[in-house]
Amino acid sequence: MVDEVVKIGKKRKSAFKDMVKSILPEGGNLDACLTCGLCSSGCPATGIGDMDPRKFLRMAALGLDEELTTHPWAWHCTMCMRCIHACPMKINIPQLVFNARKAWPRDKRPKGILGSCDMALRNDTCSAMGATEEDFEFVVGDVLDEVRATQVGWEDLEAPVNKEGAEFFLNQNSREPVTEPDEMVPLWKILHKVGADWTYGTKGWAAENYCMFMADDEAWKHIVEVKKKAVEDLRCKVWLNTE
Amino acid sequence: MQDPCQLVRKTFGDPVADDLRFVVKAVVGEENYIDMTPNKSNNYCCGGGGGFLQSGFPDERRQYGKLKDDQIKATGATYCITPCHNCHAQVHDLSEHYGGHYNVVHLWTLICLSMGCLGPNERTYLGEDLAELLMPEVREEEE
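Residues numbered from 1 in each chain as written. Chains lettered and ligands numbered in written order. Predicted model: local features only at pLDDT ≥ 70, side-chain atom pairs only at ≥ 80, totals over all residues. Heavy atoms only, no water.

Counting along an α-helix, one turn takes 3.6 residues, and residues three or four places apart therefore face a common direction. Residues and elements named next belong to chain A. Among the residues making up helix α1 (residues 15-23), those that are buried are Phe 16, Lys 17 and Val 20. Summarising the axial view, the buried residues of α1 lie within an arc of 95°, below the 170-degree limit, and thus occupy one face. Those residues of α1 that are exposed and aimed more than 90 degrees away from the buried face are Ala 15 and Ser 22. Considering only its buried residues, α1 is in contact with α3 (53-61), α4 (65-70) and α7 (93-102). (Buried < 20%, exposed > 50% of the residue type's maximum accessible area, 1.4 Å probe, protein only. Helix = DSSP H or I, 4+ residues; strand = E, 2+ residues; numbered from the N terminus. Arc of directions from axis to C-beta. Contact = heavy atoms within 4.5 Å.)

Given below as structure tokens:
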């Protein structure tokens, strides 16, 4: 049971909802909700902080902009898109959540995401853990040398860095080179076995992009552009990001 | 196997989920594979996406992941394969936090294990039952 009645003023209108609607692609609609609850019944974030996707959307429809854009649920939803996948009206609730994140003052957004985004902006590796071009190249070379020296049959294993004209430019999550470098080796072996022509780049190698999760459009764009330039500078044909 | 949201529902849909199953079954054997329910495009997010692992809400993140943990436990499987980085970190944490203690492995680990080329330092996430299986030949490093 709801113990408090929500009072809506006659003229109250959701500026937030209209803004989100205006950026949705053609056919996007936030008013077509049938309140059927399919979104909430299949959402793992339902119930966290007494919130769920249907409630979130209804709050937007009722113009409860302030409550909506300050509720931490925007950071508990992972924008996994299962709600829109299940929705008979294809209502883009994740887009609403993304814009709710964007409504938070930058310095009030979760510290871990903020710090990871800002760290990635510091150098062209785009590493959220701050690993530099030199760090990355050293770790890859060091791990490769050990495999070649100790694993029988893998003396010719390669982990190319900055190989111009390679078919694939491969990104790598920072966690591997920084905290568990041996986890990179199985991937190299698979690429070797299938004869893939691939390379890492010292610039733009980090796969993660916390600026996207932070809903910081400018920083997100910057990260993507740095990586894109790295792929193009090496004249690679395919950019592989395993995130 | 966890279906990564980004790869499956948000990008390539059920065809890539079928491709993943083809690879996994080829690697572990059809009789050793069991799907969780629901699956493919209808599978649930593990709770590691969207920056949740870094956002400083561990209680909420695990509350979110309870559904995933229940889904995995219901299969009775002793290994969960996570072909995504965030999924691996989150599901591994769920396995420990909720006491299921199923093993959580990257897909690349099982592919190399089945090809007989998974080196001794590349077995961090294998359980005791597979830890020594198909160990390739190694030699002492020359100083």
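Here we take up the interface of chain A and chain B. In this complex, chain A contributes 42 residues to the contact, which on the side of chain B involves 44 residues. Approximately 3,900 Å² of surface area, both sides summed, lies buried where chain A meets chain B, with 57% of it carried by carbon and sulfur atoms. Interface area lost by chain A to chain B is led by A:Pro44, A:Thr78 and A:Glu183, which between them contribute 16%. If you look at where chain A meets chain B, you find two salt bridges. Inspection of the region where chain A meets chain B yields 20 residue pairs in polar contact (both at pLDDT 80 or more). Among the secondary structure elements, those contributing two or more residues to the side of chain A that touches chain B are α5 (73-76), α6 (82-86), α8 (111-122), α9 (133-150), α10 (175-179), α11 (185-193) and α12 (210-213) of chain A. A per-element tally of the side of chain A that touches chain B places α11(A) first, with six residues. Taken together, the residues that form the side of chain A that touches chain B break down as 19 nonpolar, ten polar and 13 charged. (Buried area = accessible area lost by both parts, 1.4 Å probe. Salt bridge = Lys/Arg side-chain N within 4 Å of Asp/Glu carboxyl O. Polar contact = N/O pair within 3.5 Å; in protein donor to acceptor, adjacent residues only side chain to side chain. Nonpolar A, V, L, I, M, F, W, Y, C, P; charged D, E, K, R; others polar.)

Here we come to the domain arrangement of chain A. It is common to report an interface's size as the accessible area lost on association of the parts. Residue and element names in this part refer to chain A. When its domains are assigned, chain A resolves into domain 1 (15-104) and domain 2 (111-240). Between domain 1 and domain 2, the C-alpha centre-to-centre distance is 34 Å. Listed as interface residues are four residues of domain 1 and, on the opposing side, seven residues of domain 2. Summed over both partners, the interface of domain 1 with domain 2 comes to about 440 Å²; 64% of that surface belongs to carbon and sulfur atoms. At the surface where domain 1 touches domain 2, the tally comes to one salt bridge. On inspection of domain 1 and its partner domain 2, the count reaches two residue pairs in polar contact (both at pLDDT 80 or more). (Domains from an automatic or database assignment.)

Moving on to the packing of aromatic side chains. Within this structure, the stated rule accounts for nine aromatic pairs over all chains. Ring centres 5.1 Å apart and planes at 75° place the aromatic pair A:Phe136 and A:Tyr200 in the edge-to-face group. Note that A:Phe136 is positioned in helix α9 and A:Tyr200 in the loop between β2 (198-199) and α12, a separation of 64 residues in sequence. Note on A:Phe136: relative accessible area 1%, which makes it buried. The residue whose ring lies beneath A:Lys189 is A:Trp154, and the NZ or CZ to ring-centre distance is 5.5 Å. Looking at B:Lys66, its charged tip hangs above the ring of B:Tyr98, at a distance of 5.7 Å from the centre. (Phe/Tyr/Trp six-rings, centres within 6.5 Å; stacked < 30°, edge-to-face > 60°. Lys NZ or Arg CZ within 6 Å of the ring centre and 35° of its normal.)

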